[in-house]
Amino acid sequence: MNRKIIILACLASSSFFFAQSVEGTVTDGQNKPSSETEVLITKNNAKFSAITDENGMFKIPLKEDGDYLLEIIRDGVKTNSEKITVKGTSKKDIQLKEVPAPEQKIEGVTITAKKKLFERKVDRLVFNVENSVASQGIDAVEALAKTPMVRATDDAISIAGKSNVAVMINDRLLNLSGQELINYLKTLRSDDILKIEVITTPPAKYEAEGKSGLINIIMKKNTSLGWNGSLQTSGSYYGGRPATSTRSGASFNYQGEKLSLSTNLSLGDNYWENHSYNYLTGTTADNYWNTNNISSNNYKYKGGNAKGEYKINDHNLIGFNYNYSFSNPLEQGESKTTIFNEEGLLNVESNFRNKNRRNVHNATAFYDLKLDSLGSKLNITANMLVNDANARNFYNTITSETSSTFVNPISKYRIYSGQADLEKNFAKIKTEAGLKYTKIKNDSEFNFFDIKNNEYLINLKKTNTFFYNEQNYAAYASASLKINEKWDAKAGLRYEYTSLEGISMNDDSSAKIKYGKFFPTAYISYKPNENHTFSLNYSRRISRPYFGNLNPFKFYTSDFEYNTGNPYLLPSFSDNFEFGYVLNNNFNVTLYYNYNKDNWDRIQYVEGNLKYSIVKNFYNEDQAGINISYNYNKLKWLESNIFVNGYYAKSKSYDPDAVSAPAGYSANFNVDNNFFLNKDKTLTLMLGLWSNLPNRDGNTSYFANASLYTGMKLNLMDKKLLINLYVNDFLNTNRSKGIEYYPNYNVEYYYKGITRNIYLSVTYKFGNNNVKGATKQVKFEESSRAGGNN
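Note that the structure is predicted; figures quoted are calculated from it, not measured.

Note that soluble globular proteins tend to have their nonpolar side chains buried in a common cluster. Counting residues in each nonpolar core, the largest one holds 40 residues, and the members touching the most others are Tyr468, Ile542, Phe547 and Ile603. For this core, the element with the most residues is strand β38 (residues 610-632), which contributes five residues. Formed by 37 residues, the second largest nonpolar core is a distinct cluster that contains Val141, Ile182, Ile193 and Phe643.

Attention now goes to unusual backbone geometry. The backbone of Asp598 shows a phi angle near 60°, a positive value even though the residue is not glycine. Looking at the secondary structure, you find Asp598 in strand β37 (residues 587-607). Phi at Met717 is positive, roughly 55°, even though this residue is not glycine. Within the secondary structure, Met717 sits in the loop between β44 (705-716) and β45 (721-728). A relative accessible area of 49% places Met717 in the partly exposed class.

The six strands lie next to each other as β11-β12-β17-β18-β15-β16, forming an open sheet whose pairing is mixed. Two strands close off the open sheet at either side, each with one partner strand: β11 (118-120) and β16 (172-173). Two elements, strand β12 (residues 125-127) and strand β17 (residues 193-199), share three bridges in a ladder whose sense is antiparallel. By the bridge assignment, Phe127 is partnered in β17 with Ile196.

For the rest of this paragraph, the subject is the sheet that holds strand β3 (residues 46-51). Sheets are built from strands that pair by backbone hydrogen bonding, the pairs being arranged parallel or antiparallel. Ordered in space as β3-β2-β5-β6, the four strands form an open sheet in which the pairing is antiparallel. The open sheet has two edge strands with one neighbour each: β3 and β6 (77-86). The mean inter-strand angle of the sheet, taken between neighbouring strand axes irrespective of direction, is 20°. Where strand β2 (residues 38-43) and β3 come together, six bridges link them in antiparallel fashion. When the sheet's bridge partners are listed, Glu38 is paired in β3 with Ile51.

Along the polypeptide, Val133 turns up in the loop between β12 and α2 (140-145). Each C-alpha atom of the pair Val133 and Asn674 lies 9.1 Å from the other, and the pair is 541 residues apart in sequence. Sequence-distant contacts of Val133, that is, excluding residues within four places in its chain, are made with Glu639, Phe676, Lys681 and Lys713.

Before going further, it helps to examine a positive patch on the surface. A contiguous patch of positive charge on the surface is contributed by Lys300, Lys302, Arg353, Lys355 and Arg357. No other element matches the three residues that strand β25 (residues 344-370) contributes to the positive patch. Take Lys355: it is sitting in strand β25. We classify Lys355 as partly exposed; its relative accessible area is 32%.

A full pass over the atoms with the stated rule returns 26 salt bridges. Note that Glu423 and Lys430 form a salt bridge whose closest N and O atoms lie 3.6 Å from each other. According to the relative accessible area criterion, Glu423 is buried, its value standing at 10%. Among the residues examined, Lys430 registers a relative accessible area of 34% and is labelled partly exposed. Two residues, Lys441 and Asp443, come together in a salt bridge whose shortest N-O distance is 3.8 Å. You can call Lys441 partly exposed: its relative accessible area is 34%. The partly exposed category is assigned to Asp443, whose relative accessible area is 26%. Linked by salt bridges that have partners in common, Glu207, Glu209, Lys436, Arg494, Glu496 and Arg544 make up one network.

The next thing to look at is the confidence of the model for the chain. Counting all residues, the mean pLDDT for the chain is 85, and 89% of those residues have values of 70 or more. Across residues 1-18, where pLDDT falls below 50, the model places 49 contacts with residues more than four positions away in sequence or in other chains. Every residue in residues 100-114 is under pLDDT 50, and counting partners more than four places away or in other chains gives 17 contacts.

Another point: the side chain of Ser90. For Ser90, the location among the structural elements is in strand β7 (residues 89-91). Of the residues examined, Ser90 reaches a relative accessible area of 16% and is grouped as buried. Not counting the four nearest positions on each side in its chain, Ser90 is found in contact with Ser21, Val22, Glu23 and Thr85.

Turning to a nonpolar patch on the surface, a few remarks are in order. On the surface, a nonpolar cluster with roughly 840 Å² of combined accessible area is contributed by Trp227, Phe252, Tyr254, Leu259, Leu261, Tyr310, Ile312, Ile318, Phe320 and Tyr322. Elements with a minimum of two residues in the nonpolar patch: β20 (244-255), β21 (259-282) and β23 (316-327). Ranked by residue count, the leading element in the nonpolar patch is β23, at three residues. Relative to the helices and strands, Tyr322 resides in strand β23. Since its relative accessible area comes to 33%, Tyr322 is described here as partly exposed.

Cut-off values and rules
- All residue numbers refer to position in the chain's written sequence, counted from 1.
- This being a predicted model, a pLDDT of at least 70 is required before a residue's local features are given, and a value of 80 or more before pairs of side-chain atoms are given or counted; all residues contribute to the totals for chains, interfaces and linings.
- Hydrogens and water molecules were not included; the side-chain quantities draw on all heavy atoms of the structure.
- Nonpolar core, defined: a set of buried Ala, Val, Leu, Ile, Met, Phe, Trp, Tyr and Cys residues in which side-chain atoms within 4.5 Å join the residues together.
- In this scheme, a residue with accessible area under 20% of its type's maximum is buried, one over 50% is exposed, and one in between is partly exposed, where area comes from a 1.4 Å probe on protein chains only.
- Only DSSP runs of H or I covering at least 4 residues are called helices, and only runs of E covering at least 2 are called strands; the numbering of each starts at the N terminus.
- Any two strands are treated as partners once DSSP identifies two or more bridges connecting them.
- Whenever a helix is involved, its axis is fitted only over the stretch in contact; in every case the axis is a line through C-alpha atoms, and angles between N-to-C directions fall within 0 to 180 degrees.
- Contact between two residues is taken to exist if any of their heavy atoms lie within 4.5 Å; hydrogens are not considered.
- Any residue with relative accessible area above 30% and no salt bridge may belong to a patch, with like charges joined within 9 Å and the nonpolar Val, Leu, Ile, Met, Phe, Trp and Tyr side chains within 5 Å.
- Each accessible area is a Shrake-Rupley result for a 1.4 Å probe, and residues are judged covered by the shown protein chains and nothing else.
- The working definition used for a salt bridge is a side-chain nitrogen of Lys or Arg within 4 Å of a carboxyl oxygen of Asp or Glu.
- Residues scored as charged are limited to Lys and Arg (positive) and Asp and Glu (negative), so that His and the chain ends carry no count.
- Where a charge sits is defined by one atom per residue type, namely NZ (Lys), CZ (Arg), CG (Asp) or CD (Glu).
- A score between 0 and 100, pLDDT records how confident the predictor is in each residue.

Here is the structure:
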């Protein structure tokens, strides 16, 4: 349920010194525990309150004996009211009374009060999914697409235009990234989601990694015992193309008195094509290096997830979480390159065929201990991730003769972590503290062979072995304070120390780097009344390189081109300031300023008839802007979500090999409309548009981009059968285009994939829909850094 009122201000003395208290259990009309229900006790002008836990239990310390008024508030509506006399410790069990019918029935829909759609908490923006009709009957990826400040597609998830967003379930980070993350989120139904929290400046409790913030998906609590399951199938058809993409999945959930289980399986076969070009033109001469590419990718995958929780008693919970994924994408393509320089004109054709195999296992185990009735708890977690990747890549380079090569890159990385988190709550203050240790080990081989007369001859100059070891130590502490009914504050400090070493066997070189940094966070919010909320936030963040960007292997795409990593690459840091305002719980405005130091990206170099790119730290960036989110639901037949992000960005390169893109203004926006075509709102017409105006970042200027989509959503059999039909990128305008700036040349690039397609998904749910199974997730932030190897 949506908490409307947090614990009110207590009197000056700590509750630990109070000799009087009222404690008991609140149950509903069926004698089941009523969780997250407010119990309010007043005497004269003094107020004391508590929120019931998952067992319906509460405890309220009082200053003195006497007569009090006890009230119960459920979903913002007062259900019970009675006078009580307190002497010492009083026991009071309460059963909720029914709300009068006239307040319950509105056009056949049972409600208790008009719930908030948006809420501004002290450190996050909350989107109450259950209060949005348009967000029902879809999967979690589609629900994220309707969340303020979030853009979610079948390819990526971002906050206000920033990628690499981490996603949590019930305050626990998912151990997934990339396509595996999208596949898992598609197994979650929006009907099971209570709310989505957008955390743009994460508190000290969370890893300082990443500049984009966090998304926390809060699932509804289990309300009954039993089981349920679902079957889903979906597919896309690309008009005029001899290929489709399909996905099938199944899930099962079980909830017992003590044991909860959840499993899901999915498999898919995705196909896409893309056309691209890369035109490098000299700014001081007539030199150029122009390349046109066409390629395709057949991404086949299968995976599964199993979660289990066992409730030892009311205070002890243990559980596990295991994910597995296997993929074997096939990539192939060809390119034509024209090179003109001092040596004359050279025409080059090349083609490739890459077959990859990737196995990913990650497992977690946790133990939760509840310490008191105020919600204090201790959590201990252990994580492990194992990734084995093996590829067989063939390349041909054609000039006046043909050169053929075979490359066998092998990557094996392991991530282990352990952590302890303590949450201790007092009458007015909530404190958090924790420790974490992480060990990362990545062993990579790059075996390069020249193919001559059908013989594979090892090329020792291009073959290499790279060993990477990293250790991270972290500690944090934070405290949040309910100053009074209008003011909330929170502050924290996190310290992270990193020691890493990279060894390249081929050139007998190594890089050792050690650094320790503090990451402060601070928040304050002011809520003068129910219609206005103000907030001010600050956080410092770090962005560490992917493993692949640290690897010095030279990945040749032809005899004339290669890409390489940089073992001396350093992390980048950002300072983030935000001022937020929410009006009437559906209009959100955020002013922000970010300073990013030592950002890194790929830089292209040309040396005669050789072109290569390397990842380097080379620029700092200032960005200031405003986010506006608005939900329009005044009409019964329409719900619209509007998001606009306008900003000014300025980059400054400190590397003479790259020139900063011109500073300037830009914006991106998203409009999502849902037209309800019947009274029950089970048939919905969807129409949406997103767009990016021209923008710049580092040494790159990006052209404008936009996409329009439309479709229908149908809920049948009391929401057990869900059918969605979309037409994505209806006008076929989605593509990526930009210009990179260098001292002696500019590079114009273009990338266009198959974005216009027809998408159909069918989901059937069976069993008890109130059963959610095991929903707890476990933190494992480092797993996302492995994405660079993919």
